[in-house]
Amino acid sequence: MQLNKQLSIKSALAIATTVLLGAQIAKATDVESTLLIYSEKDRVSAGEGAVSIKHELNETQNIKIKLTFDALTGASPNGAAPASSVQTFTRPSGNGSYDIQPGIIPLDDTFKDSRFAVSGTYTRKLSRLNNFFIGANFSGEHDYTSLGVNTGFSRDFNNRNRTISVSVSFTSDKVNPEGGVPIPYDTLALIGESTSRLGPNATKKVYDLLLGVTQTINRNTLFRANYSRSHSTGYLNDPYKFFSVVENSSSANPGEPLTYLYENRPDARNKNSIYTQCRKFLNGNVIDLSYRFFWDDWGINSHTINLFYLFDFKNNTTLEPHIRWYHQSAADFYIPVQIDGSSNQQFTTADYRLSTFSAVTLGLQYSIPMQATHTLKLSFEYYRQFGDSSPPGLIGSLLRYDMFPTLNAVMFRVGYNFSF
Amino acid sequence: MNKPYKLSYKNSIWTCTFQAMASPCEVLFISSSEKDANLFAEFTFDETKRIESKFSRYLPDNIVHKINSSNGFKIEVDEETSRMLDFANQCYQLSDGLFDISSGLLRNCWTFDGTEQTPDKDKLSTMLKLIGWDKINWEPPHIQLLSGMEIDFGGIGKEYAVDHVADIALSFKISKVMVNFGGDIRTINPDLDSPPWVIGIENPNKENSAIGKISLHNGGIATSGDSKRFCLHHGKRFGHILNPKTGYPIENAPTAVSVVSENCTQAGIIATIAMLHGKDAEQFLESQEITFKCYRD
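The model shown is predicted, which means the values in this text are computed figures rather than measured ones.

1. Structural notes on the overall build of chain A
Stage number 1. From N to C terminus, chain A includes one helix and 21 strands.
Stage number 2. The principal-axis extents of the C-alpha atoms in chain A amount to approximately 110 × 40 × 40 Å.
Stage number 3. Within chain A, the proportion of its 420 residues that are buried is 40%.
Stage number 4. The contacts of chain A with a sequence gap of at least 6 include a subset with a gap of at least 24, amounting to 59%.
Stage number 5. With an accessible surface of roughly 20700 Å², chain A has 59% of that area assigned to carbon and sulfur atoms.

2. With respect to the overall build of chain B
Stage number 1. The helix and strand tally for chain B stands at seven helices and 15 strands.
Stage number 2. Whereas a compact globule of 297 residues would reach a radius of gyration of roughly 19 Å, chain B reaches 20 Å, a difference of no more than 12%.
Stage number 3. Put simply, chain B has 297 residues, and 55% of those count as buried.
Stage number 4. Considering only residue pairs separated by 6 or more positions, chain B has 61% of its internal contacts joining residues 24 or more positions apart.
Stage number 5. Accessible area for chain B stands at about 13100 Å²; split by element, carbon and sulfur atoms hold 50% of it.

3. Overview of the environment of N78 of chain A
Residue and element names in this part refer to chain A.
Stage number 1. By secondary structure assignment, the location of N78 is in the loop between β3 (61-77) and β4 (87-90).
Stage number 2. Taking the relative accessible area as the measure of exposure, N78 reaches 1% and is therefore buried.
Stage number 3. A C-alpha to C-alpha distance of 6.7 Å links N78 and Y240, two positions 162 residues apart in sequence.
Stage number 4. Excluding anything up to four places from it in sequence, N78 contacts F89, Y98, P106, D108, Y240, K241 and F242.
Stage number 5. Reaching out from N78, the side chain makes a polar contact with the side chain of Y98 at a distance of 3.0 Å.

4. Comments concerning the interface of chain B and chain A
Stage number 1. Counting residues at the interface gives 52 residues for chain B and 35 residues for chain A.
Stage number 2. Around 3700 Å² of area is buried between chain B and chain A when both sides are counted, 60% of it from carbon and sulfur atoms.
Stage number 3. Across the contact surface, chain B and chain A share one salt bridge.
Stage number 4. K125 of chain A is the partner of D46 of chain B in a salt bridge, and the nearest nitrogen-oxygen pair spans 3.6 Å.
Stage number 5. At the junction of chain B with chain A, the criterion picks out four residue pairs in polar contact (both at pLDDT 80 or more).
Stage number 6. Of all the elements in the fold, those that place two or more residues in the side of chain B that touches chain A are α1 (34-55), β4 (74-76), α3 (79-94), α5 (157-169), α6 (264-276) and α7 (281-287) of chain B.
Stage number 7. The biggest single contributor to the side of chain B that touches chain A is α3 of chain B, with eight residues.
Stage number 8. Partitioning the side of chain B that touches chain A into residue classes produces 22 nonpolar, 14 polar and 16 charged.

5. Focus on the domain arrangement of chain B
One frequent convention defines the size of an interface as the accessible area lost when the parts assemble.
Residue and element names in this part refer to chain B.
Stage number 1. Considered domain by domain, chain B is made up of domain 1 (1-56 + 155-182) and domain 2 (190-297).
Stage number 2. Taken together, the contact pairs 13 residues of domain 1 with 10 residues of domain 2.
Stage number 3. Here domain 1 and domain 2 share an interface that buries about 910 Å² over both sides, 70% of which is from carbon and sulfur atoms.
Stage number 4. Summed over the shared surface of domain 1 and domain 2, the number is zero salt bridges.
Stage number 5. Linking domain 1 with domain 2 are five residue pairs in polar contact (both at pLDDT 80 or more), by the criterion used here.
Stage number 6. Elements represented by at least two residues in the side of domain 1 that touches domain 2 include exactly β3 (23-30), α5 and β7 (176-181).
Stage number 7. Of all the elements, α5 adds the most residues to the side of domain 1 that touches domain 2, at four residues.
Stage number 8. Considering only residue class, the side of domain 1 that touches domain 2 consists of eight nonpolar, two polar and three charged.

6. With respect to the sheet that holds strand β5 (residues 137-139) of chain B
All names here are of chain B.
Stage number 1. If you walk across this open sheet you meet the three strands as β4-β6-β5, and the pairing is antiparallel. This sheet does not close on itself; its edge strands, each paired only once, are β4 and β5. Put simply, the sheet's adjacent strands are angled 15° from each other on average, direction ignored.
Stage number 2. Note that β5 and strand β6 (residues 142-144) share three bridges and pair antiparallel. When the bridges of β6 are listed, W138 appears paired with I143.

7. Topic: the nonpolar core
Stage number 1. Among the nonpolar cores identified, the biggest contains 78 residues, and F40, I156 and V177 of chain B are the most heavily contacted of them.
Stage number 2. Top element by residues in this core is α6 of chain B. It accounts for nine residues.
Stage number 3. Each of domain 1 (1-56 + 155-182) and domain 2 (190-297) of chain B gives at least three residues to this core.
Stage number 4. What I156 of chain B contacts, discounting residues up to four positions off in sequence, is L20 of chain A together with M84, F87, A88, F99, I101, T265 and I269 of chain B.
Stage number 5. With 12 residues, the next largest nonpolar core counts I199, I201, I214 and I221 of chain B among its residues.

8. Re the pairing of strand β9 (residues 162-175) of chain A
Residue and element names in this part refer to chain A.
Stage number 1. Here 14 bridges tie strand β8 (residues 144-157) to β9, and the two strands are oriented antiparallel to one another. Bridging from a neighbouring strand, N150 pairs with S169 of β9.
Stage number 2. Where β9 meets strand β10 (residues 202-218), 14 bridges bridge the pair, whose relative direction is antiparallel. Looking across to β10, one finds that V175 is bridged to A202.

9. So, the packing of α1 of chain B against α5 of chain B
All names here are of chain B.
Stage number 1. Across the interface, α1 lies against α5 with an axial gap of 10 Å and an inter-helix angle of 155°. If you check the angle between α1 and α5, you find them roughly antiparallel. Two packed elements cross with a definite hand, and for α1 against α5 that hand is right-handed. For the pair α1 and α5, the contacting residues are F40, F43, T44, E47, T48, R50 and I51 in the first and G157, Y160, A161, H164, V165, I168 and A169 in the second.

10. Digging into the pattern of salt bridges
Residues and elements named next belong to chain A.
Stage number 1. This structure, assessed with the given rule, holds 23 salt bridges over all chains.
Stage number 2. With a closest N to O distance of 2.8 Å, D296 and R269 form a salt bridge. Linking D296 in strand β15 (residues 285-296) with R269 in strand β14 (residues 268-282), this pair joins segments that are 27 residues apart in sequence.
Stage number 3. Residue D296 is classed as buried on the basis of its relative accessible area of 8%.
Stage number 4. Classification of R269 as buried rests on a relative accessible area of 14%.

11. Section: α5 of chain B
Stage number 1. Along its 13 residues, α5 of chain B runs 19 Å from first to last C-alpha, staying within 8% of the 18 Å computed at 1.5 Å per residue.
Stage number 2. Among the 13 residues in α5 of chain B, 13 count as buried, and that is most of the element.

12. Some points on the pairing of β10 of chain A
Stage number 1. Direction of pairing for β10 of chain A relative to strand β11 (residues 221-234) of chain A: antiparallel, over a ladder of 14 bridges. Bridged to V206 of chain A within β11 of chain A is S232 of chain A.

13. Details of unusual backbone geometry
All names here are of chain B.
Stage number 1. A cis geometry characterises the amide bond from P140 onward to P141, with omega recorded as 0°.
Stage number 2. Its place among the elements puts P141 in the loop between β5 and β6.
Stage number 3. Despite not being glycine, N11 shows a phi value in the positive range, around 50°.
Stage number 4. Unusually for a residue other than glycine, N252 sits at a positive phi of about 55°.
Stage number 5. Mapped onto the elements of the fold, N252 is located in the loop between β13 (236-239) and β14 (256-261).

The rules behind the values
- All chains use their own residue numbering, which begins from 1 and follows the written sequence.
- To label them, take the chains in the order written and letter them from A, then take the ligands in the order written and number them from 1.
- pLDDT decides what is reported in this predicted model: residues at 70 or higher carry local features, side-chain atom pairs at 80 or more are listed and counted, and totals for whole chains, interfaces and linings draw on all residues regardless.
- In computing side-chain values, all of the structure's heavy atoms are included and hydrogens and water are not.
- A run of H or I in DSSP becomes a helix once it reaches four residues, and a run of E becomes a strand once it reaches two; helices and strands are each numbered from the N terminus.
- Only protein chains enter the accessibility calculation, which uses a 1.4 Å probe; a residue is then buried when its area is under 20% of its type maximum, exposed when over 50%, and partly exposed in between.
- Contacts: residue pairs with any heavy atoms within 4.5 Å of one another.
- Computed with a 1.4 Å probe, the accessible areas rest on the Shrake-Rupley method; for each residue, only the protein chains presented here act as cover.
- All radius of gyration figures rest on C-alpha atoms, and the globule criterion is 2.2 Å times the number of residues raised to 0.38.
- Pairing of N or O atoms within 3.5 Å defines a polar contact, subject to two protein rules: one partner must be a possible hydrogen donor and the other a possible acceptor, and residues neighboring in sequence count only if both atoms are side-chain atoms.
- Values labelled buried area give the accessible surface lost by two parts on being combined, using a 1.4 Å probe and summing over both.
- Here, a salt bridge means any side-chain nitrogen of Lys or Arg that lies within 4 Å of a carboxyl oxygen of Asp or Glu.
- Amino acids outside the nonpolar list (Ala, Val, Leu, Ile, Met, Phe, Trp, Tyr, Cys, Pro) and the charged list (Asp, Glu, Lys, Arg) are all regarded as polar, and Gly is one of them.
- Here the bounds of each domain stem from an automatic or database domain assignment.
- Note: two strands are recorded as paired if DSSP finds a minimum of 2 bridges between them.
- In this analysis, axes come from line fits to C-alpha atoms, helices being fitted only over the stretch in contact, and the angle between any two N-to-C directions falls in the range 0 to 180 degrees.
- To define a nonpolar core, start from buried Ala, Val, Leu, Ile, Met, Phe, Trp, Tyr and Cys residues and group those joined through side-chain atoms within 4.5 Å.
- Oblique is the label for any angle not under 35 degrees, not over 145, and not in the 65 to 115 range, which are roughly parallel, roughly antiparallel and roughly perpendicular in turn.
- Crossings are assigned a handedness: left-handed for a near helix turned anticlockwise from the far helix by less than a right angle, right-handed for a clockwise turn.
- Expected span, for any helix, means 1.5 Å times one less than how many residues it has.

Structure follows, in structure tokens:
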């Protein structure tokens, strides 16, 4: 009896060790899926679904493919200023128009678009300390296509306490706006009025460089710094944005619109940013603080501070509140309106995204492990953007109106991740 | 740049050496490509260090630390840890509770420095309440310990690393490999017509004295026991192997047991269970129909 029991140990152990060792280096496939709903009060609403699949080919190589689909609808400021009487704007297609009530920032409610994007990355471990990746991406919507390639290299130093990385990317975009590409400073056409155009489409090229260093300070602290440089060239205007030319102070109705001209931006832009991040692990919890400084040759400077804290509960659920603060200065050629009689600047935009503004984001993410390798993530964000409601350069009736209505938006995201 | 391991080539055999898991580690293999040899050596080192840092009870912030400091709460573990715990559970069942990964706390009651020991009986009975795999709630992937309990993979981790490294050699186009982490060994050589690996077995009672050689194509060798770690109790000499059921050292245990088996993990568990059989160690080993060497003073 005793002997039989003992005999069974060896064969039972043989099976047990086979199971223990059986699952070798996991050639795992990780899937991340997310659904996102974004809604700006009275403006744009968007929905997005994304699936990302990462597959380990072997110990040194993996591929990652991401598919994204989003749909967007709603209204966006067209660049014109409020007026004391109803303003009528021709839709970008040239067919039809929309009216804007007095005193209100004009919003073009034509926005309705869907976008499909796919990207792929191949990563290879070249040796113990060196990693390499190469990738490509494509996205398309009815009036815009973008095609990009990227590659990068990273190397670990100093017992893996430091990682240096460099990556470059090139993107070629093509815009084919409804109604063709407007001529800068051309007058917004009236309905049915024929107008000359630059052509049916325009192109833009973007070159990016990123240099990064990640340094382990001690067992609980990680520091990261990046410098990025981006050079864009080609058609950099928003083809749907224009600005108001208003009556001057010696006229009968100062500040009231006379006409609308299409915006005109430089055909090149150099952007730079420096990003620093410090992450500290505190007994399972994590605190992470980052700061980004951005500047470009259009005169925009911006500061972003992001702070998050991760609570790791004993049952492996995590709760992650975060707060982000953003502030940017206006582009040199931003004006809220052009006053009649003054000659055109070399470049002009009234796009609120190139004006001075600040934004605050408050967010909360809750992550719940479902089973062995499955995780459900729920996150909610509240975004508030506020600018100068009475920027310099206004006259007459314009001084009465809110030129930068505060924008409130909420975002809700559901994510489900699993491996097999 | 200085690599944390050494890789050399001599007589058509590559040798990679480094220090890990408190042992000298040596991996011998045959590869026709220097590139594959380099990649495998790097991977071997990385994987060994990964397993060490993941399962060592001496390192903070790993899964073992997380489980041991869970304070009675349920902890979810990853797939690899889950396999280790399943394996530990089977070892516990197969050894009738002698092999128990929760018995490490007994270390606090005994000091194996060759001196006379009189354990504090109250402390011992308190400790015994915190020992026993049967007190652990293991419902994969969740583990729940009583507050104060601890586990460690001392008898499994290194052997697992040895087998793991040998098994992954195949995916680096390496057909013949011998992994030796401080005397825990695994060999692979599927070509039975080619010469086997020849391993010198050291007498654990006498350093640097080989007591024999073993020729092995595919298999594992592991040794349990350490003649230098013992204590005296009522004038009697006890080895450092403790009985998790009584809290006392195993009586009449061999000083060391070496076992040859199908893989290193299996050999290691059989050697450890043999030690736990005390005076019946040889009888137990005989019944397993394996090659072994049992050392007694």
